[in-house]
Amino acid sequence: QVQLVESGGGSVQAGGSLRLSCVASGYTVSSYSMGWFRQAPGKEREGVAAITGDGSTSYKDSVMGRFTISKDSAKNTLYLQMNSLKVEDTAMYYCAASGSWYLGRSRRLADYEYTYWGQGTQVTVSS
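The following refers to the structure shown. From a predicted model like this one, the values you see are computed outputs, not experimental measurements. (Residues numbered from 1 in each chain as written. Predicted model: local features only at pLDDT ≥ 70, side-chain atom pairs only at ≥ 80, totals over all residues. Heavy atoms only, no water.)

Attention shifts here to the overall build of the protein. Along the protein, the regular secondary structure elements total zero helices and eleven strands. Counting from the amino terminus, the protein carries its helices and strands in the arrangement β-β-β-β-β-β-β-β-β-β-β. The C-alpha atoms of the protein give 13 Å as radius of gyration, which agrees with the globular expectation for 127 residues (14 Å, within 12%). Each principal axis of the C-alpha distribution contributes one length, and for the protein these read about 40 × 25 × 25 Å. Out of the 127 residues belonging to the protein, those deemed buried represent 46%. By sequence separation, contacts in the protein at least 24 residues apart represent 61% of the contacts at least 6 residues apart. Put simply, the protein shows about 6200 Å² of open surface, and 45% of that area lies on carbon and sulfur atoms. Across the protein, the centroid of the 12 positively charged side chains sits 3 Å from that of the 10 negatively charged ones. (Helix = DSSP H or I, 4+ residues; strand = E, 2+ residues; numbered from the N terminus. Rg over C-alpha atoms; globule rule 2.2 N^0.38 Å. Buried < 20%, exposed > 50% of the residue type's maximum accessible area, 1.4 Å probe, protein only. Contact = heavy atoms within 4.5 Å. Areas by Shrake-Rupley, 256 points an atom, 1.4 Å probe, with all protein chains shown as cover. Lys, Arg positive; Asp, Glu negative; His and termini not counted. Charge placed at Lys NZ, Arg CZ, Asp CG, Glu CD.)

Time to look at the sheet that holds strand β1 (residues 3-7). The four strands lie next to each other as β1-β3-β8-β7, forming an open sheet whose pairing is antiparallel. Each end of this open sheet is capped by a strand with a single partner; those strands are β1 and β7 (67-72). The mean inter-strand angle of the sheet, taken between neighbouring strand axes irrespective of direction, is 15 degrees. Strand direction decides the pairing type here: strand β3 (residues 18-25) and strand β8 (residues 77-82), joined by six bridges, are antiparallel. Each residue of the ladder has a partner; that of Cys22, found in β8, is Leu78. (Pairing = 2+ DSSP bridges. Axes fitted to C-alpha atoms, helices over the stretch in contact; angles between N-to-C directions.)

With that settled, the discussion passes to the state of the cysteines. Note on terminology: a disulfide is the covalent bond linking the sulfur atoms of two cysteines. Taken as a whole and judged by the stated rule, the model has one disulfide. Disulfide partner of Cys22: Cys95, at an S-S distance of 2.1 Å. Since a negative S-S torsion denotes a left-handed disulfide, the Cys22-Cys95 link at about -75 degrees is left-handed. With a gap of 73 residues between them, Cys22 in strand β3 and Cys95 in strand β9 (residues 91-98) connect regions that are remote in the sequence. Relative accessible area serves as the criterion here: at 0%, Cys22 is assigned to the buried category. (Disulfide = S-S within 2.5 Å.)

Further remarks concern the nonpolar core. Formed by 29 residues in total, the largest nonpolar core has its most connected members in Phe67, Leu80, Met82 and Tyr93. The contacts of Leu80, once residues within four sequence positions are left out, are Leu18, Arg19, Leu20, Trp36, Val48, Ala49, Phe67, Thr68, Ile69 and Tyr93. In terms of nonpolar packing, the next biggest core, distinct from the first, is built from five residues, Ala50, Ala96, Leu103 and Tyr114 among them. (Core = buried A, V, L, I, M, F, W, Y, C linked by side-chain atoms within 4.5 Å.)

In this section: unusual backbone geometry. In this structure, Asn76 takes a positive phi of about 50 degrees despite not being glycine. Among the structural elements, Asn76 can be located in the loop between β7 and β8. With relative accessibility at 18%, the residue Asn76 sits in the buried group. You will see that Ser84, though not glycine, has its phi angle at about 50 degrees, which is positive. Counting through the fold element by element, Ser84 comes out in the loop between β8 and β9.

This is the structure we're talking about:
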């Protein structure tokens, strides 16, 4: 059974950095498109970053240049490096895994493309 276990969230000052990790079991990270999503109170869930099976990436416009999604095949782990954090980045962050090798640019940040979800890890950015 597929499980996604997230870690790395916490509280940080604006301008700081965090690295989120998502360790997968029953699923091969290198073989599928995966993503990070977030949801703040009172707001809808939004795609933050995604990476396809062949390594193509997409980012929400507001995080481009600050966030980097990557995967480590040997550790079967997905990462989200978050730099220059802003107060508006505060949200619960979720790791998501799809059943597709490749998702096109118009699809990879859409939550309905993903089958498996982690439990979420809280990121809080203060000024």
